[in-house]
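Observations on the three-dimensional arrangement
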Amino acid sequence: MSDTKQSRGGKARAAKLSGPERRQIAKKAADARWALPRATHEGTLTIPGIVPLRVANLNDGRRVLISRAFLEALGRPWKGTYKRTERPNFLDAKNLDGFVTDEVREFLEPIEYVSERGQVVTGYRAELLPLVCDVYLQARAHNSLNPAQQAVAEYAERLVRGLARTGIIALVDDATGYTKLRARSELQAILAAYVAPELLPWSKKFPDSFYEELHRVRGWRYAPGSNARNHYIGKLTNELIYRQLPEGVLEELRRKNPRDPEKGRRRFTHHRFLTDEVGNPHLEKQIVAVTTLLSVADDWQDFTRLFVKKFPPGPGDLFAMPPPGDLAEGDSPP
């Protein structure tokens, strides 16, 4: 039956459906469409000597090349609508069977997704591209290719020269502009694990021994049970404890727990904004580690040497402290 006759038959059957039946069919189609992964970023991947390839990032974390891009990358013409077969048409040849490894087969399942324009598109995992190149190059090395496939192998060789398997993910992300979002998304995942959405009840996290040893190595007087602190205590606590949590956590704590503009102090302790599952356990381990280093140090210089060995400082970390026993103007030891 021709495509024209099939189209007419489909329209005739649709005309016989009742309104509720048509709505039910439309709903099923919409549900199926919304169940598909969606492209969050799309772009063009440029590899020297190869035509530009359409690529995308999906909302489930996969990176894909559209099925047409695989043919174009290998110098093969696009022949119209993709047709699902047991193996994609760029590998559908019996003389390639012996070179299709289990690793290749893991990526042969086509992926249907919704493009940024709302169209349903078929593609394959980006990791498949260098693996397909390996298939053709291995077949060529064993003199198993026919003349037409020799040309494909030449394209495969160009690809592997401009494309490392471990680099395909980064190349796709750069092409789509996803790299910056990926970094932000990873940071948001860390913050979600460490920083609680709501203020937790107060509980004592810093033992007296932490403050006692900190005062000792700094050469400051310590009054047990006193909550009085000079302002360096807060700075040191941030640098020795909170700064050692994953990057971005301290900044997020400062954002959620700002200073009172009138009093100049924060209303809450930072640890009340940390999660019980991840944030506070990490905090407690850091406090124990630092307290241990403080307890074995002879003085501030000795502690600094031990601390930077255990926790190498990053750029801008606060270790340009006044000499032990010296306080900045306006400070008074507790």
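Conventions adopted
- Throughout this description, residue numbers start from 1 for each chain and increase along the sequence as written.
- Two thresholds apply to this predicted model, a pLDDT of at least 70 for residue-level local features and 80 or more for giving and counting side-chain atom pairs, whereas whole-chain, interface and lining totals are computed over all residues.
- Where side-chain values are given, they derive from all heavy atoms of the structure, hydrogens and water being excluded.
- Comment: elements are numbered from the N terminus, with helices defined as DSSP H or I runs of at least four residues and strands as E runs of at least two.
- For a helix, the expected span equals 1.5 Å multiplied by the number of residues minus one.
- Buried, partly exposed and exposed residues are distinguished by accessible area as a fraction of the type maximum, computed with a 1.4 Å probe on protein chains only: under 20%, between the cut-offs, and over 50%, respectively.
- Arc definition: it is the arc formed by the directions from the helix axis to the C-beta atoms.
- Residues count as neighbours in contact if any of their non-hydrogen atoms are within 4.5 Å of one another.
- As used in this record, nonpolar core signifies buried Ala, Val, Leu, Ile, Met, Phe, Trp, Tyr and Cys residues forming a set joined through side-chain atoms within 4.5 Å.
- Axes here refer to lines fitted to C-alpha atoms; in helices the fit is confined to the stretch in contact. Angles between the N-to-C directions go from 0 to 180 degrees.
- Take the far helix as the reference: if the near one is turned anticlockwise from it by less than a right angle, the crossing is left-handed, and if turned clockwise, right-handed.
- In this count, Pro and Cys sit with the nonpolar residues alongside Ala, Val, Leu, Ile, Met, Phe, Trp and Tyr, while Asp, Glu, Lys and Arg are called charged and the others, Gly among them, polar.
- Per residue, pLDDT captures the predictor's confidence, and it can take any value from 0 to 100.
- In this description, strands pair whenever DSSP reports at least two bridges between them.

What follows covers helix H6 (residues 147-162). End to end, H6 covers 24 Å across 16 residues, agreeing with the expected 22 Å (1.5 Å per residue, within 8%). For H6, the set of buried residues is Gln149, Val152, Ala153, Ala156 and Leu159. Angularly, the buried residues of H6 cover 115 degrees about the axis, an arc narrow enough to put them on a single face. Those residues of H6 that are exposed and aimed more than 90 degrees away from the buried face are Pro147 and Arg161. Close packing links the buried residues of H6 with helix H3 (67-73) and helix H5 (128-141).

Take the nonpolar core next. Grouped together as the largest cluster of nonpolar side chains are 46 residues, with contacts concentrated most on Leu53, Phe90, Leu91, Leu128 and Tyr136. At nine residues, H5 tops the list of elements feeding residues into this core. By size, the runner-up hydrophobic cluster in this structure holds 32 residues, among which are Leu245, Leu293, Leu306 and Phe307.

Let us now look at helix H11 (residues 249-256). Listed as buried for H11 are Val249, Leu250, Glu252 and Leu253. For H11, the buried positions fall inside an angular range of 160 degrees around the axis, keeping them on one side.

The next thing to look at is unusual backbone geometry. Unusually for a residue other than glycine, Asn143 sits at a positive phi of about 55 degrees. Structurally, Asn143 is set in the loop between H5 and H6. Looking at Asn143, the relative accessible area reads 69%, which means it is exposed.

Relative orientation of the contacting elements helix H12 (residues 279-296) and helix H13 (residues 300-310) amounts to 145 degrees, with a least axis distance of 8 Å. Both H12 and H13 take part in a crossing whose hand is right-handed. Contact residues: Gln286, Val290, Leu293, Leu294 and Val296 in H12; Asp302, Phe303, Leu306, Phe307 and Lys310 in H13. Considered class by class, the residues forming the contact of H12 with H13 number seven nonpolar, one polar and two charged.

Of all residues in the protein, 74% have pLDDT values of 70 or greater, and the mean over the chain is 78. Confidence drops under pLDDT 50 across residues 1-9; counting only partners more than four residues distant or on other chains, this segment forms one contact. Long-range and interchain partners of residues 320-334, a stretch whose pLDDT sits below 50, account for 32 contacts in this model, where long-range means more than four residues apart.

Bridging between strand E3 (residues 63-66) and strand E5 (residues 120-125) involves three bridges; their strand directions are antiparallel. Residue pairing for E5: Leu65 is matched across the bridge by Tyr124. Bridge count between strand E4 (residues 111-114) and E5: four bridges; the pairing is antiparallel. Its bridge partner lying in E5, Val114 is registered against Val120. A loop of five residues connects E4 with E5, the two strands running antiparallel in sequence, and Gly118 in this loop sits at a positive phi of about 90 degrees.

Okay, the sheet that holds strand E2 (residues 53-58) next. Read across the sheet, five strands follow the order E1-E2-E3-E5-E4 without closing on themselves; strand pairing throughout is antiparallel. Looking at strand neighbours, the two that pair on one side only are strand E1 (39-45) and E4, the edges of this open sheet. The mean inter-strand angle of the sheet, taken between neighbouring strand axes irrespective of direction, is 40 degrees. Judged from the six bridges that link them, E1 and E2 form a sheet pairing that is antiparallel. Residue pairing for E2: Ala39 is matched across the bridge by Leu58.

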